[in-house]
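Overview (structure and organization)
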Amino acid sequence: MSENILEMRGIIKEFPGVRALNNVNFKVRRGEIHCLVGENGAGKSTLMKVLSGVHPYGTYSGQIIYNDEEQKFKSIADSEAVGIAIIYQELALIPELSIYENIYFGHEVTEGRIINWNQTIVQAREMLQKVRLNVNPSMKIKNLSVGKRQLVEIAKALSKNVKLLVLDEPTAALNEDDSENLLELLIQLKHQGVTCIMISHKLKEVVAIADTITVLRDGATITSMDAEKTKISEHEIIKNMVGRAIENIYPKRKKKNPGPVFLEIKNWTVYNPVSEREILHDININVRKGEIVGIAGLMGAGRTELALSIFGNVPNYKITNGEIIVDGLRKKLKHPKDAIKAGIAYVTEDRKGNGLVLIQDIKYNTSIANLEKLTEGIIINDKKEIQVAKDYQKSINIKAPSVRQIVGNLSGGNQQKVSIAKWLFVEPKILILDEPTRGIDVGAKFEIYTIMNKLVEQGMSIIMISSELLEILGMSDRIYIMSEGSITGELKGEEATEQKVMAMATRVEEVME
Amino acid sequence: MKVSDKKSVNDNEPIGSELHALIKENIREYAMYIALVFIFIYFNVLTNGLFLSSRNISDLINQTGYIAVLAVGMTLILIIKHIDLSVGYVAGFLGAVAAIFLKNGWNVWLVIPLTLFFGVCVGLYQGFLVARIGVPAFVTTLAGMFIFRGFLSRVTAGTGTIIVRDEVFRAISNGFLPDLPFGGNLHVLTLLIGILAVILVIISQIRQRNSMLKYNFKVMSLPIFISKILFMSVIILLVVWILAGYRGIPWTAVIVGVVLFIYNFMLHKTRLGRYIYGIGGNSEAAELSGVNVKNVTMFAFASVSMLAALSGILYTSRLSSATPTAGLGFELDAIASSYIGGVSVNGGIGRVTNTIVGALVIMSLTNGMNLMGVDVSYQYVVRGAIFILAVAFDVKTRGKRR
Ligand SMILES: Nc1ncnc2c1ncn2[C@@H]1O[C@H](COP(=O)(O)OP(=O)(O)OP(=O)(O)O)[C@@H](O)[C@H]1O
Ligand SMILES: [Mg+2]
């Protein structure tokens with residue numbers, strides 16, 4: 001057997017109007033952790049979809065050599081059969097089924113034609129041990145956190161005897177602890193002989209675990225760097241990714257002088273009738289004009305729930321107490337429409353789930369929240385709409401062949417920019433950004449931060465919810481820290497440090513008493 | 001990523017490969033037209049030219065009308081990922097209600113709006129259950145199917161079939177646009193309308209293409225564009241020529257045309273239309289964008305029931321009577337028309353213009369089989385088979401295009 005477990009040669013993949021992969025060469029050594037990085041839309045996911053048979057043989061050109069044999073995968077099942085497993089960012093588990101049912105879904109443990117459930121549970125427990133997940137295999141998936149679900153996915157892959165594991169942005173939705181845990185697991189799997197390809201925009205973790213780093217740009221391989229012997233710096237990766245150096249990824253604002261309080265939330269207490277729990281307890285926060293306020297906290301601290309309950313309360317929580325004051329006036333926001341009217345915009349954390357209409361195009365998604373502005377009489381002015389979409393495409397640099405491109409076909413980062421464009425178009429006075437840079441490359445992150453700075457300089461207020469501590473620290477004028485549905489601390493931008501924020505974010509017991 | 005910034009595909013692409021791409025992208029739509037042409041030729045041959053005779057085409061239009069308007073409403077419902085199984089009996093029942101009013105001597109110009117209004121009420125009731133209470137549409141309208149079937153039996157119980165004698169009412173689905181006083185054998189007004197239609201089509205197509213060119217969007221190359229316009233013009237003129245040979249344009253065609261125009265306009269030019277597609281594509285995202293999903297859902301149900309009422313009026317007019325079995329199976333034909341016309345089974349996608357063609361496919365089959373004297377039992381099987389074939393084809397081709 002040769003040193004390389006996988007070699008992809010001269011891969012070309014085209015979509016209508018777009019050449020996503022333009023002659024990519026990609027080699028992976030047996031038993032290494034290989035990180036694949038590149039800007040949004042560089043073609044990383046597409047390359048992995050070619051590898052796994054999602055884009056079947058014949059729809060691309062080039063060769064895939066795996067274990068010294070040329071492979072012609074017609075479907076995912078074909079690639080799985082030879083030991084390749086791919087784990088997508090959108091997890092493919094069935095929430096209502098138990099962990100063990102999920103792990104063996106599709107390749108059940110059988111005796112003759114009958115499923116042996118006892119054996120299944122025993123084996124599932126073994127797999128869970130391998131991924132160091134210490135939970136009862138009979139638990140339902142829906143009761144697990146995202147981080148744990150990710151581990152179940154890996155357990156599932158292991159149960160299929162995987163040799164080459166592909167992870168597409170596995171840590172994008174994980175908090176620091178879970179991410180660390182996952183990375184350690186990958187290293188452990190490596191020692192057990194599993195080869196790993198990981199796509200990530202979090203360069204810190206790439207530097208930490210990669211044996212080789214391959215950079216894609218514009219559908220071509222820029223470089224493949226050996227990180228085993230020499231240490232590769234984040235700066236060097238960035239330079240290769242975007243073609244220029246970015247000195248400080250948190251750009252400085254020119255003037256910083258927040259105005260009067262614009263939005264105030266008082267004694268906000270919210271009860272979730274579905275889970276039958278109080279999810280937010282007596283929250284008090286305010287945001288000034290021209291100020292960026294960060295909300296930090298661990299996954300599940302209640303930050304998204306807070307945003308949703310303010311923004312028209314779509315999940316139908318029971319708001320048992322509290323009031324919203326916008327620009328000095330008490331407001332009742334019963335529907336997102338009311339919130340938008342009051343000048344609030346909310347960019348959701350889950351752009352595919354509830355942010356965008358994926359089957360529609362860029363211009364549709366850009367205009368949908370403010371069609372009133374484009375309507376003359378009862379008719380929507382198509383020409384104006386196209387112009388608006390084009391303007392935003394240009395101003396925030398959405399990479400797409402035209403504004404009629406279907407949003408579902410855009411890369412993750414460009415989808416995120418479309419959601420931002422949509423909310424900028426409603427010309428809000430306050431913008432709530434929920435995990436605004438999740439799954440976004442450094443270049444685009446920098447662009448989004450720059451946009452944020454420009455907006456607050458013009459007097460807009462911004463609330464930024466983020467699980468990325470560095471981003472919260474780098475961008476905020478003021479930081480609230482949330483834990484278990486309560487505000488557990490408030491820090492000025494300059495006095496905030498990682499340690500202080502983390503301490504407050506995990507401060508649970510004291511608050512409860 | 002490399003973005004092709006060509007103004008149009010024809011810059012350096014041979015026509016052959018453009019055609020190929022065009023067919024691949026629009027295979028669904030083309031398949032529907034091919035099926036239609038095939039059905040026309042097939043039945044015309046088997047009936048020795050009877051099928052494409054002026055008289056039968058007029059008949060076909062009248063027959064398609066009551067399914068077509070229903071299918072337009074159903075398309076909206078399917079786009080927002082609901083379903084309405086009750087429309088058949090709502091049509092039957094409200095058609096009977098109209099007949100009873102007429103029998104009691106009410107003025108036809110009062111009866112028609114009143115019936116449509118009842119339709120809206122029925123729709124609001126079902127829409128309320130679906131949107132506000134949260135009962136699944138399938139359940140709500142299955143119950144509705146029983147309820148209105150009961151109502152229909154009730155109102156026709158005493159009398160059986162209710163005959164309609166009102167001339168105006170009967171003309172809706174049996175009458176034709178009057179001709180201009182001169183003319184002779186051929187129907188001049190019909191021909192004039194046909195020519196006008198061709199001119200309008202050409203102008204609007206050219207304008208559309210020009211505006212797309214202005215924004216550097218991909219457009220068809222000139223030769224293909226011209227062939228498309230020619231093809232459309234020929235079809236329109238052919239139909240008009242055939243109709244002019246009998247009694248001209250049926251009133252039903254006018255009614256369907258108006259309904260089609262209003263709904264097409266609404267779906268593509270107004271906010272409401274955008275919201276409907278948005279809800280079908282991702283209702284949570286729509287809601288968070290400030291769309292009142294509940295109200296739009298109510299609207300869609302009110303509108304499909306109103307069109308069911310219209311369908312009932314057309315059907316009652318066509319038979320000149322209301323019968324206890326009116327409306328039986330309409331819902332299936334309407335749903336089939338929508339799916340054949342390319343509404344996605346996953347919601348969010350669909351066009352009412354194509355739905356009308358879908359309705360024409362379904363009703364041509366029925367009409368042709370009737371002409372040939374095929375037994376009703378076989379007809380059901382054929383219609384069911386075509387329906388499922390269309391959906392399977394749709395699912396398959398959509399999967400490929402991903
Ligand atoms: N099914 C598709 N149809 C059309 N274009 C597509 C499709 N899938 C991907 N593309 C295009 O191919 C290019 C590469 O996309 P890909 O998803 O591979 O990027 P990526 O490197 O994974 O980016 P990200 O970091 O944002 O996830 C993009 O320009 C995207 O718009
Ligand atoms: Mg990707």
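Calculation criteria
Residues numbered from 1 in each chain as written. Chains lettered and ligands numbered in written order. Predicted model: local features only at pLDDT ≥ 70, side-chain atom pairs only at ≥ 80, totals over all residues. Heavy atoms only, no water. UniProt positions renumbered as here; feature names shortened; annotations may be inferred. Helix = DSSP H or I, 4+ residues; strand = E, 2+ residues; numbered from the N terminus. Rg over C-alpha atoms; globule rule 2.2 N^0.38 Å. Buried < 20%, exposed > 50% of the residue type's maximum accessible area, 1.4 Å probe, protein only. Lys, Arg positive; Asp, Glu negative; His and termini not counted. Charge placed at Lys NZ, Arg CZ, Asp CG, Glu CD. Domains from an automatic or database assignment. Contact = heavy atoms within 4.5 Å. Salt bridge = Lys/Arg side-chain N within 4 Å of Asp/Glu carboxyl O. Polar contact = N/O pair within 3.5 Å; in protein donor to acceptor, adjacent residues only side chain to side chain. pLDDT = per-residue confidence, 0-100. Phe/Tyr/Trp six-rings, centres within 6.5 Å; stacked < 30°, edge-to-face > 60°. Expected span 1.5 Å × (residues − 1). Patch = residues over 30% accessible without salt bridge, like charges linked within 9 Å, V, L, I, M, F, W, Y side chains within 5 Å. Areas by Shrake-Rupley, 256 points an atom, 1.4 Å probe, with all protein chains shown as cover.

By the naming in an unreviewed UniProt entry, chain B goes by Xylose transport system permease protein XylH and is assigned to Mobilitalea sibirica. Regarding chain B, the relevant UniProt record gives this comment under Function (unreviewed entry): "Part of the binding-protein-dependent transport system for D-xylose. Probably responsible for the translocation of the substrate across the membrane." Checking UniProt for chain B, the heading Subcellular location (unreviewed entry) contains the comment "Cell membrane".

As annotated in an unreviewed UniProt entry, chain A carries the name Sugar ABC transporter ATP-binding protein and is attributed to Mobilitalea sibirica. Checking UniProt for chain A, the heading Subcellular location (unreviewed entry) contains the comment "Cell membrane".

1. Quick word on the overall build of chain B
Secondary structure assignment for chain B yields 15 helices and 3 strands. By the compact-globule yardstick of 21 Å for 402 residues, chain B fits well, its C-alpha radius of gyration being 22 Å. Along the longest, intermediate and shortest principal axes, the C-alpha atoms of chain B span 75 × 60 × 40 Å. The 402 residues of chain B split such that 49% are buried. Counting 31 positive and 17 negative side-chain charges, chain B places the averaged centre of each group 3 Å from the other.

2. Thoughts on the domain arrangement of chain A
Residues and elements named next belong to chain A. One can read the domain layout of chain A as domain 1 (4–242), domain 2 (248–343 + 428–506) and domain 3 (356–427). At the junction of the two partners, domain 2 supplies 14 residues and domain 3 supplies 10 residues. The interface formed by domain 2 and domain 3 contains 1 salt bridge. Linking Lys417 and Glu447 is a salt bridge whose minimum nitrogen-to-oxygen distance equals 3.0 Å. Linking domain 2 to domain 3 there are 3 residue pairs in polar contact (both at pLDDT 80 or more).

3. Points about the confidence of the model for chain A
Residue and element names in this part refer to chain A. This prediction gives chain A a mean pLDDT of 90; 98% of its residues lie at or above 70. Taken element by element, the predicted model of chain A shows its lowest mean pLDDT in helix H18 (residues 509–512) (44) and its highest in helix H12 (residues 362–367) (97). In this model residues 509–513 is a low-confidence stretch, pLDDT under 50, and it forms 2 contacts with partners more than four residues away in sequence or in other chains.

4. Observations concerning the packing of aromatic side chains
Residues and elements named next belong to chain B. What the rule picks out here adds up to 23 aromatic pairs over all chains. With 5.1 Å between their ring centres and 25° between their planes, Tyr66 and Phe330 make a pair best called stacked. With Tyr66 in helix H3 (residues 54–79) and Phe330 in helix H13 (residues 330–340), this pair connects stretches of sequence that are 264 residues apart. For Phe330, a relative accessible area of 6% translates into the label buried. Ring geometry for Phe261 versus Phe265: centroids 6.3 Å apart, planes at 25°, classification stacked.

5. Some words on helix H14 (residues 412–425) of chain A
In a regular helix each residue adds 1.5 Å, so 14 residues correspond to 20 Å; H14(A) covers 20 Å between its end C-alpha atoms and thus fits that length. Count one or two residues on from H14(A) and you reach A:Glu427, which has phi positive near 50°.

6. Notes on a negative patch on the surface
Residue and element names in this part refer to chain A. A contiguous patch of negative charge on the surface is contributed by Glu176, Asp177, Glu180 and Glu498. Examining the composition of the negative patch, we find that 3 residues originate from one element, helix H6 (residues 176–191), more than from any other. Residue placement: Glu176 occurs in helix H6.

7. Considerations on the environment of A:Ile440
All names here are of chain A. Structurally, the position occupied by Ile440 is in the loop between strand S21 (430–434) and helix H15 (442–457). Residue class for Ile440 comes out buried when judged on its relative accessible area of 0%. Considering only alpha carbons, one finds Ile440 and Pro258, 182 residues apart in sequence, at a separation of 28 Å. If sequence neighbours within four positions are ignored, Ile440 has contacts with Asn40, His201, Gly413, Gln416, Lys445 and Ile448.

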